[in-house]
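Commentary on secondary and tertiary structure
Letter by letter, the chains look like this.
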Amino acid sequence: MGASGLSMSALNGKHILLGVTGGIAAYKAAELTRQLKSRGAEMRVVMTEAAQAFVAPLTFQALSGNPVATHLLDPVEESAMGHIALARWAELVLIAPATADFIARLRAGLAGDLLSALCLASEAPLILAPAMNRAMWANPATQDNVRVLRERGIRLLGPEEGEQACGETGPGRMLEPVELCEALEGSFGDGSLAGLSVLITAGPTREPLDAVRYLSNRSSGKMGYALARAAADAGARVTLISGPVALMPPPGVEFVAVETAAEMHVAVLSRVHESDIYIGAAAVADYRPAEVAQAKIKKTAASLNLELTRTEDILAAVAGLSPRPFTVGFAAETDRLEDYARGKLAAKNLDMIAANWVGRPQGGFDRDENSLHVFWPDGERELPLADKSRIAIQLIELIAERFHAQDTTENPR
Ligand code: CTP
């Protein structure tokens, strides 16, 4: 269509109804409106009463280029575009931020305010970007509401972990506008991984030494969890197999908790045959204690030698299957990153390897940011230092690109 030659956003010309509910993250919804509009979306904004306590409707009117609807059955608003007309106009309804209260209303099917009524009346896909205090998010009432809404086919984007307006830290923060835009593009473009099944491992493993001790590593699981979320946002059915970490599994993802490398190995091999793509993001222990003492080891000896034996290489096992999924490994290196990463790509017969530096001040293990150098047999790409959730979105897009490119060659897996 356009003569610009730039690739057009999947949101171009799409009718997006943005519902803003009453949370501090409402200010981010203003930036979200601007970004959706700049990607070509037609925007209509509906605000709840509480939302207007945080941001004025005029802000959204200016950014969306359309009047903002705030009241059900208001004679003036109804004569402009009534609530049923608005519900029909929308090709997608996005509630951002979605408060705990609004999520509860949706679950109950209430229609006493304009936005609730619209959600009930619209047949367009409904997507929620929750934002609330971490305890409100974790509360069983909210979790139960979210489960029911998901069963009804309502999608959730986020929330993510992080510092909150209330000063606490934890899950409950609304995704950043740019992440929401990208996820929405995926949902309109059908998602780059739509219809595919993705198996992801994350976190460290723990290898028991005796009844109370174990060997482990500093992996936080953040990269693997961010990949699980990004893959789900790209339309994939995602299974996440994780060692012990302090993170909540992303919404909409099948979750399997494991502890040891051996448990992870079993969990992966029992599920991998259903998967199109395998991503080994876990920092699997390479060695385990040869013997596990049943009781606590006492400090009677002056020194203690531990004998360690190799664990199963899960990634190599997956890559050795036939047929096998598109197999992606990670490599953490302190030196000669490219040599080692390419060596592992070839030695383990992988389709792709994502390498990162460790032992440096920025990025890698136990950090919020990362940079990756990604290699595949006939190419490479660098993903510069960014928040792990952004890096994850970029890596998932690259995996999708390579997966589809391979799919069209004569190369059967
Ligand atoms: N991996 C695995 N099973 C193991 C060990 C590692 O599946 N027992 C996977 C990790 O999930 C990761 C990749 O292999 O995707 C890491 O490769 P590996 O060769 O183990 O890297 P390093 O541990 O860094 O290897 P080395 O010590 O040789 O540098």
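Structure shown above.
What this report covers is the structure whose coordinates are included nearby. (Residues numbered from 1 in each chain as written. Predicted model: local features only at pLDDT ≥ 70, side-chain atom pairs only at ≥ 80, totals over all residues. Heavy atoms only, no water.)

Side note on the state of the cysteines
Spelled out, the test is: Working definition: a disulfide is two cysteine sulfur atoms within 2.5 Å of each other. For each residue, the accessible area found with a 1.4 Å probe, counting protein chains only, is set against the maximum for its type, and the residue is called buried under 20%, exposed over 50%, and partly exposed in between.
For the structure on display, the rule yields zero disulfides. Of all cysteine sulfurs, the one in C119 lies closest to C181, which takes part in no disulfide; the gap is 19 Å. On the accessibility criterion, C181 (0% relative accessible area) is buried.

Section: the pattern of salt bridges
Where we set the bar: One side-chain nitrogen of Lys or Arg within 4 Å of one carboxyl oxygen of Asp or Glu is enough to make a salt bridge. Every helix listed is a DSSP run of H or I at least four residues long, and every strand listed is a run of E at least two residues long, numbered separately from the N terminus.
For the structure shown, the criterion picks out 23 salt bridges. When the shortest N-O distance is used, the salt bridge between R39 and E185 registers 3.0 Å. You can see R39 sitting in the loop between α1 (26-38) and β2 (42-47) and its partner E185 sitting in helix α9 (residues 177-188), a full 146 residues away along the chain. A salt bridge links R390 to E182, with the nearest nitrogen and oxygen atoms 3.3 Å apart. Placement of the pair is R390 in helix α14 (residues 388-407) and E182 in helix α9, with a sequence separation of 208 residues. In the salt-bridge network here, residues are joined through shared partners; they are K28, E160, R173 and E176.

A look at the nonpolar core
Put simply, the test is: Remark: nonpolar core denotes a set of buried residues (Ala, Val, Leu, Ile, Met, Phe, Trp, Tyr, Cys) joined through side-chain atoms within 4.5 Å.
Counting residues in hydrophobic clusters, the biggest one holds 41 residues, and the most contacted among them are L193, L227, I279 and L395. Considering each element in turn, this core owes the most residues, nine residues, to α14. Judged by nonpolar contacts, the second largest core, of 31 residues, contains F60, I127, L180 and A183.

Observations concerning the site of the ligand
Short version of the rule: A cutoff of 4 Å decides nearness: a residue is near a molecule or strand if any of its heavy atoms lies inside that distance of it. Whenever two N or O atoms come within 3.5 Å, that pair is a polar contact, provided that in protein one can donate a hydrogen and the other can accept it, and provided that, for residues adjacent in sequence, both atoms are side-chain atoms. Method for areas: the Shrake-Rupley scheme with a 1.4 Å probe, in which residue coverage is limited to the protein chains shown. Each residue gets one label: Ala, Val, Leu, Ile, Met, Phe, Trp, Tyr, Cys and Pro are nonpolar, Asp, Glu, Lys and Arg are charged, and the others, such as Gly, are polar.
Near the ligand, the surroundings consist of 15 residues, among which G280, A282, E312, L315 and F330 are the closest. Here an oxygen atom of the ligand sits 2.7 Å away from a polar atom, N or O, in the main chain of A282. E312 places a main-chain nitrogen or oxygen 2.7 Å from a nitrogen atom of the ligand. Across the complex, the protein chains shield 74% of the 580 Å² of accessible surface that the ligand would expose by itself. Elements that contribute at least two residues to the shell around the ligand include exactly α12 (314-319) and β16 (326-333). The greatest single-element share of the shell around the ligand, amounting to three residues, is contributed by β16. Residues of the shell around the ligand, tallied by class, amount to seven nonpolar, three polar and five charged.

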